[in-house]
Structures are given as C-alpha cells and as structure tokens.
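# Survey of secondary and tertiary structure
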Amino acid sequence: MANGIRSRATAVRAFIKEIRDSKVTTKENSNDPKSPTIVVSPLGAKLNRVFVVGALLDKDEVKPDSGIYRLRIGDPTGTISAYVSNFQPVALRQTLSLDPPCIVAVVGKVRTFERNSRIFTVIRPEYITVVDEETRNHWWLETLKATAERIKALKDGKLPQDVRTIVETHYGDRTKEFEEAVKRVHEILKEEFMIETAKEEEEPTEEELEEILKEDEEIEFEEEEWDLSRILGKEKE
C-alpha cells in the first residue's frame, strides 16, 4: 500500500473446483487489521480475486426488480454461483447483455457464507465478458500449469508455514483429488469441448445474500473499465 492507497489484489487463475472447495478465510496480513480477507484453497492458493473462464449455464434475477442476478458458471471441474448487483455497475451492465449458454471470462472476488454449520463459496464478479473457444482453451492451458504448480508446491512442502498449517488442519491431503481434476481437463482439451457439471451447492437465503452484498457496499474502491482482451493476452482487433 502506497500513500494510503491499497492496490488491487492480483486475480488468481483457478478452476471452479478449487474455488468452490475453498472454505477457510483469514487476513492476508495477520498483523494488519485492515488487511484484506482472503480465502485459502485446498492447494494453498490465497484467493481474494479470481480470474475464471467457463460456460455461463444460467442467468436469473434473484427476485423481480431486485437488480440482483445469480449466474451459474461451469467448467469441467464443477459449477459455482456468482452474484451481480448494482454495487458492481460495470459487471451488472455486462451481465444484462449476456444470453446463456455462452463462454465467459470473469474477474471477481471470492466470498463465503455459512449456513447450518456448512460454508458455501460464491464469486462476486467485477467484470464479465463473452469469449470464444480459443480464448477458453488458452485459459485452460495456463490454469492447468498454475494448478499443477500449486499441487507440486504442496507435495514438496514449499508452501509458507502459515498457509501449510491451514491446509493440513482444515483440508488434509487432497492432492490426488485435484490431480484427477487436472487430468480430466487435459483429456477434454485433447478431445472436444464438453461441460461436466457437478452437484450444485446450496444457494444463500435472501438475508445471507444481503450480508454478502453489504460487504462489497462497505468496501470502497475505484472501478476501472478493464479491457479483458488485455488480461487474456489478446490484442484488440
């Protein structure tokens, strides 16, 4: 943080399974009470903001005239819900133009909520746009590499001690499970694109959703008109 201005966290590339299975929250800097809250994944990734590419399967308004939309996004490792409201005006404007099914790239924050002693994870998109299959395949390849690196770091004992403690205490050894997920994506890339959906997670109640949305309302940050083609490494035509 320079001159009192906190920079945006880098968006982590991760498959939906890793994001959806991430349940443990902590402070990025335990010595700074104002430090952003992050969600630690079973592979030790620190998730604040994520970059996801997948199939937009559904889009529906939570209740009439609420201005809150629920999106269901899937990749070969599973599905996850994302919620867009007027607290993210850029994402909301982009969401209104989407017509599922289509392939989308999403940059957003990871949020968790608890119900009946279970923790559920959702994405709060900041930016969302339609992309083509070539872009999706490129993202899959790069995310395969990133996921494989996290698996190797975990198996080789190269995670920071605080993160390793969280992983061992709350998740245990799930490397084989994620190796199988990575293998499945690789096999699909070798053949043709096909979406495999997993069992859906429970959705938040209206009260829980209000709390999730309220978090973002209380966090002030500058909205930027991001060019996702730049993020994806493609030049504008």
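Residues numbered from 1 in each chain as written. Predicted model: local features only at pLDDT ≥ 70, side-chain atom pairs only at ≥ 80, totals over all residues. Heavy atoms only, no water.

Turning next to the pairing of strand β6 (residues 69-75). Among the seven residues of β6, seven are classified as buried, and the element is accordingly described as predominantly covered. Here β6 shows two buried faces, one formed by Tyr69, Leu71, Ile73 and Asp75 and the other by Arg70, Arg72 and Gly74. Here strand β5 (residues 49-61) runs beside β6; their pairing, made up of six bridges, is antiparallel. Among the inter-strand pairings, leucine 56 is bridged to a residue of β6, identified as isoleucine 73. Where β6 meets strand β7 (residues 78-84), seven bridges bridge the pair, whose relative direction is antiparallel. (Buried < 20%, exposed > 50% of the residue type's maximum accessible area, 1.4 Å probe, protein only. Helix = DSSP H or I, 4+ residues; strand = E, 2+ residues; numbered from the N terminus. Pairing = 2+ DSSP bridges.)

Per-chain confidence: the protein averages 84 in pLDDT, with 80% of residues scoring 70 or above. The least confident element of the protein, judged by mean pLDDT, is helix α7 (residues 228-231) at 46; the most confident is helix α1 (residues 16-20) at 97. In this model residues 194-199 is a low-confidence stretch, pLDDT under 50, and it forms 18 contacts with partners more than four residues away in sequence or in other chains. Every residue in residues 218-237 scores below 50 in pLDDT, and together they form 35 contacts with partners more than four places removed in sequence or on other chains. (pLDDT = per-residue confidence, 0-100. Contact = heavy atoms within 4.5 Å.)

It is worth spelling out unusual backbone geometry at this point. Cis geometry is found at the peptide bond from proline 100 to proline 101, where omega equals 0°. Take proline 101: it is sitting in the loop between α2 (89-96) and β8 (102-115). The backbone phi angle of aspartate 65 is positive, close to 60°, even though this residue is not glycine. Within the secondary structure, aspartate 65 is located in the loop between β5 and β6.

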